[in-house]
Amino acid sequence: AVCDRFRDKRGERPSVDTTWPDVRLYAHLTTDTVSLYIDTSGEPLFKRGWREDKGDAPLKETLAAAMISASGWASGDDDLLPLYDPCCGSGTVAIEAAQIALRVAPGLQRRFGFEKLLPFQPHVWHAIKDEAAKQRREWPAGHKPIVFGSDVAFRMVDFAQRNAERAGVAFAMELRGGDALQRVPPTDKPG
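Residues numbered from 1 in each chain as written. Predicted model: local features only at pLDDT ≥ 70, side-chain atom pairs only at ≥ 80, totals over all residues. Heavy atoms only, no water.

(A) Examining the packing of aromatic side chains more closely. Under the counting rule described, the total for this entry stands at four aromatic pairs. When the ring of F112 is compared with that of F114, the centres are 5.5 Å apart and the planes differ by 20°; the resulting orientation is stacked. Take F112: its relative accessible area is 18%, and that puts it in the buried class. Ring geometry for F114 and W125: centres 5.0 Å apart, planes at 90°, overall edge-to-face. Taken together, the positions of F114 in the loop between α3 (92-101) and α4 (122-134) and W125 in helix α4 put the pair eleven residues apart, joining distant regions of the chain. Pairwise contacts between aromatic rings join F112, F114, F120 and W125 into one cluster. Directly above the ring of F46 sits K60, whose terminal nitrogen or CZ lies 4.7 Å from the centroid. Here the basic side chain of R110 rests over the ring of F112, its NZ or CZ set 4.3 Å away from the ring centre. (Phe/Tyr/Trp six-rings, centres within 6.5 Å; stacked < 30°, edge-to-face > 60°. Buried < 20%, exposed > 50% of the residue type's maximum accessible area, 1.4 Å probe, protein only. Helix = DSSP H or I, 4+ residues; strand = E, 2+ residues; numbered from the N terminus. Lys NZ or Arg CZ within 6 Å of the ring centre and 35° of its normal.)

The structure is reproduced here in structure tokens:
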């Protein structure tokens, strides 16, 4: 029906890539109604756009950010204590913490479904993203990392390092391999 409507308005039926369509429609059926929904998000919102490497049990980025928020770690924004994730896996908690410390807007690197809808206005969206990017905290050159992570699996540390680089926060982090029970604290600062 949607494609027929397009044909009536534009003279031809649109070609749709069924694997990666420009716009996704969802239908919810009950016994007597049907509701159509347009997906304005695209990829699920927990996908921030930086995690390509992951292990067997990845933590969703939104859950990691919620855990950090619930801990109160970044509430005293100006004098952050170091954060250490001794079992960092592919780095989700550590990377989200670094992004919070640097005031990187969540999802700044990803695309959204609404960008392919009319009447999307790219100049307005880019202005919003530019404003969010201006809020980013600069990290002084040579400044010590604020977020630390380690994992017993060196492969996971490599994954975490690559993910941190894609997220643009590797310079504010220090990642190492090794057993968490044998590691010394990564910083002298208490907390």
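(B) Summary view of the pairing of strand β5 (residues 173-177). The sheet contact formed by strand β4 (residues 147-151) and β5 spans five bridges and is parallel. The residue of β5 that forms the bridge with S150 is R176. Taken together, β4, helix α5 (residues 154-167) and β5 form a β-α-β motif whose crossover is right-handed. (Pairing = 2+ DSSP bridges. Right-handed = clockwise from strand over helix to strand, strands pointing away.)

(C) A look at the nonpolar core. Grouped together as the largest cluster of nonpolar side chains are 27 residues, with contacts concentrated most on W73, I95, I146, V147, V169 and M173. Mapped onto this core, the elements with two or more residues apiece are α2 (61-71), α3, α5 and β5. Per-element accounting of this core gives the leading share, six residues, to α3. (Core = buried A, V, L, I, M, F, W, Y, C linked by side-chain atoms within 4.5 Å.)

(D) Structural detail: unusual backbone geometry. With omega at 10°, the peptide bond leading from L118 into P119 counts as cis. Considering the arrangement of structural elements, one finds P119 in the loop between α3 and α4.

(E) Quick peek at the sheet that holds β4. If you trace the three strands from one edge of the open sheet to the other, you get β3-β4-β5, paired in parallel fashion. On the outer flanks of this sheet lie β3 (83-85) and β5, each paired with one strand and no other. Across the sheet, the axes of successive neighbouring strands diverge by a mean angle of 15°, strand direction being ignored. Relative to β4, β3 is paired through three bridges, and the arrangement is parallel. Residue pairing in the sheet places D85 in a bridge with G149 of β4. (Axes fitted to C-alpha atoms, helices over the stretch in contact; angles between N-to-C directions.)

(F) Molecular detail of the pattern of salt bridges. One pass over the structure, following the stated rule, counts eleven salt bridges. D22 serves as the salt-bridge partner of K116, at 3.2 Å between the closest nitrogen and oxygen. Taken as a pair, K116 in the loop between α3 and α4 and D22 in the loop between α1 (2-10) and β1 (25-29) lie far apart in primary sequence, 94 residues in all. Put simply, D53 and R166 hold a salt bridge, and the shortest N to O gap is 2.8 Å. On the criterion of sequence distance, the pair formed by D53 in the loop between β2 (34-38) and α2 and R166 in helix α5 is long-range, its members being 113 residues apart. In the salt-bridge network here, residues are joined through shared partners; they are E52, D53, R162 and R166. (Salt bridge = Lys/Arg side-chain N within 4 Å of Asp/Glu carboxyl O.)

(G) View of α5. If you check α5, its first and last C-alpha atoms are 20 Å apart, about what 14 residues at 1.5 Å a residue would give, namely 20 Å. Of the positions making up α5, those classed as buried are M156, V157, F159, A160, N163, A164 and A167. Taken around the axis of α5, the buried residues stretch over an arc of 155°, which confines them to a single face. Turned more than 90 degrees away from the buried face of α5, the exposed residues are F154 and R155. Looking at the buried positions of α5, the neighbouring elements they touch are α3, β4 and β5. The positive-phi residue at the C-terminal boundary of α5 is G168, with phi of around 80°. (Expected span 1.5 Å × (residues − 1). Arc of directions from axis to C-beta. Contact = heavy atoms within 4.5 Å.)

Don't take any of this as a statement about function, it's just geometry.
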